[in-house]
Amino acid sequence: MLKITSAEFLQGVADLRQLPKNELREIVFIGRSNVGKSSLLNKLCNKKNLARSSSTPGKTREINYYIVNNGFYFVDLPGYGYAKVPEQMRAGWKKLIEEFLQRGEPIALAMQLIDARQEPTPLDLMMMDWLEYYEVPYLLVLTKSDKLPFSKLGKTVEAYRERFHGQLTEGCCHGVVPFSILKAEGRVDVLKIIEEHLSERPQAKKKAV
Ligand SMILES: Nc1nc2c(ncn2[C@@H]2O[C@H](COP(=O)(O)OP(=O)(O)O)[C@@H](O)[C@H]2O)c(=O)[nH]1
Ligand SMILES: [Mg+2]
């Protein structure tokens, strides 16, 4: 299993011209404000305050780069879905995220976070459509899984698998993993999948036969 030995904040990026010069492979974290993105990042790295759990949701409009093991990046995309964000800022957010995803190759894997207790929001579904469109492989992480009773959680995971990772869906979803910061449920699974994707070389895009 992947062992994280170092993780440091590198820089915030508000414009793609500011991307880090050293092009390393990226694990990208996506989700609405308050879904548990910072908590997941911190837990994976076993660092309490690597990613700040922001008290003002929707405030971070920058893409945050963290350098991990001096070999790859964790990339925290700005959270979405915060009601008080002005329309103009929302348009800026869309443009930034789409341009970011279009780069394709450096992205080894995206983590799409959804609260285990909730249905995907329209913005979650839009994000997943973008991931499919730009052929970005992604893992669906169901956060705050401790808040559901065990049996309900099992059913929820199954329902998500069927919908996004079933035999009939040939898309980019590479799995569904429940996660909780209490007892670090899901940490090992997530780290294993990250390792698999980092060791795969970027390939030419699949062509339909
Ligand atoms: N019970 C529980 N609470 C969580 C979990 N993950 C995050 N939270 C809480 O949810 C809130 C938002 O988390 P945060 O990581 O800041 O979300 P972000 O806005 O997506 O970065 C915080 O109060 C966290 O303590 C979890 O697995 N279980
Ligand atoms: Mg955060």
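Residues numbered from 1 in each chain as written. Chains lettered and ligands numbered in written order. Predicted model: local features only at pLDDT ≥ 70, side-chain atom pairs only at ≥ 80, totals over all residues.

Here we look at the overall build of the chain
- When you go through the chain residue by residue, the secondary structure sums to 5 helices and 7 strands.
- In the chain, the order of α-helices and β-strands from amino to carboxyl end is β-β-α-β-β-α-β-α-β-α-β-α.
- Within the span of the chain, comprising 209 residues, buried residues form 34% of the whole.
- At a minimum sequence separation of 6, the contacts of the chain that also span at least 24 residues come to 75%. (Helix = DSSP H or I, 4+ residues; strand = E, 2+ residues; numbered from the N terminus. Buried ≥ 20, exposed ≤ 12 C-beta atoms within 10 Å, placed from the backbone. Contact = placed C-beta atoms within 7 Å.)

Re unusual backbone geometry
- Positive phi outside glycine occurs at asparagine 46, with the angle close to 50°.
- Checked against the element boundaries, asparagine 46 lands in the loop between helix H1 (37–45) and strand S3 (63–68).
- Not every positive phi belongs to a glycine, and asparagine 70 is a case in point at roughly 50°.
- Position of asparagine 70 relative to the elements: it lies in the loop between S3 and strand S4 (72–76).

Some details on the sheet that holds strand S7 (residues 173–178)
- Read from one edge of the open sheet, 7 strands run S1-S3-S4-S2-S5-S6-S7, paired in mixed fashion. Two strands in the sheet have a free side with no partner beyond their single neighbour: strand S1 (7–13) and S7. Within the sheet, the average angular offset between the axes of one strand and its neighbour, ignoring direction, is 20°.
- Bridge analysis of S1 against S3 gives 6 bridges, and the strand direction is antiparallel. Within S3, the position partnered with glycine 12 by the bridge is asparagine 64. (Pairing = 2+ DSSP bridges. Axes fitted to C-alpha atoms, helices over the stretch in contact; angles between N-to-C directions.)

Examining the nonpolar core
- Ranked by internal contacts, the top residues of the largest apolar core, which has 48 residues, are Phe29, Met111, Tyr138, Leu140 and Val141.
- Setting aside chain neighbours within four positions, we find phenylalanine 29 in contact with Lys37, Leu40, Leu41, Phe74, Val75, Asp76, Leu77, Met111 and Leu113. (Core = buried A, V, L, I, M, F, W, Y, C linked by C-beta atoms within 7 Å.)

Brief notes about the environment of isoleucine 4
- With respect to the element layout, isoleucine 4 can be found in the segment before S1.
- Separated by 40 residues in sequence, isoleucine 4 and leucine 44 have C-alpha atoms that sit 7.8 Å apart.
- Not counting residues within four places of it along the chain, the set of residues in contact with isoleucine 4 comprises Leu44, Cys45, Asn46, Val68 and Asn69.

With respect to the confidence of the model for the chain
- For the chain, per-residue confidence averages 89 on the pLDDT scale, and residues scoring 70 or more make up 89% of the total.
- Taken element by element, the predicted model of the chain shows its lowest mean pLDDT in helix H2 (residues 87–102) (86) and its highest in strand S5 (residues 107–115) (98). (pLDDT = per-residue confidence, 0-100.)

Examining helix H3 (residues 122–133)
- Taking 1.5 Å per residue as the helical rise, H3 with its 12 residues ought to reach 16 Å, and the 16 Å between its terminal C-alpha atoms agrees with that figure.
- Every buried residue of H3 is accounted for by Asp124, Met127, Met128 and Leu131. Projected down its long axis, H3 shows its buried positions confined to an angular sector of 95°, all on one face. Of the residues in H3, the exposed ones pointing more than 90 degrees away from the buried face are Pro122, Leu125, Asp129 and Tyr133.
- Its buried side turned inward, H3 meets strand S2 (26–30), S5 and strand S6 (138–143).
- Where H3 ends, the next residue or the one after it, glutamate 135, has phi of about 55°, a positive value. (Expected span 1.5 Å × (residues − 1). Arc of directions from axis to C-beta.)

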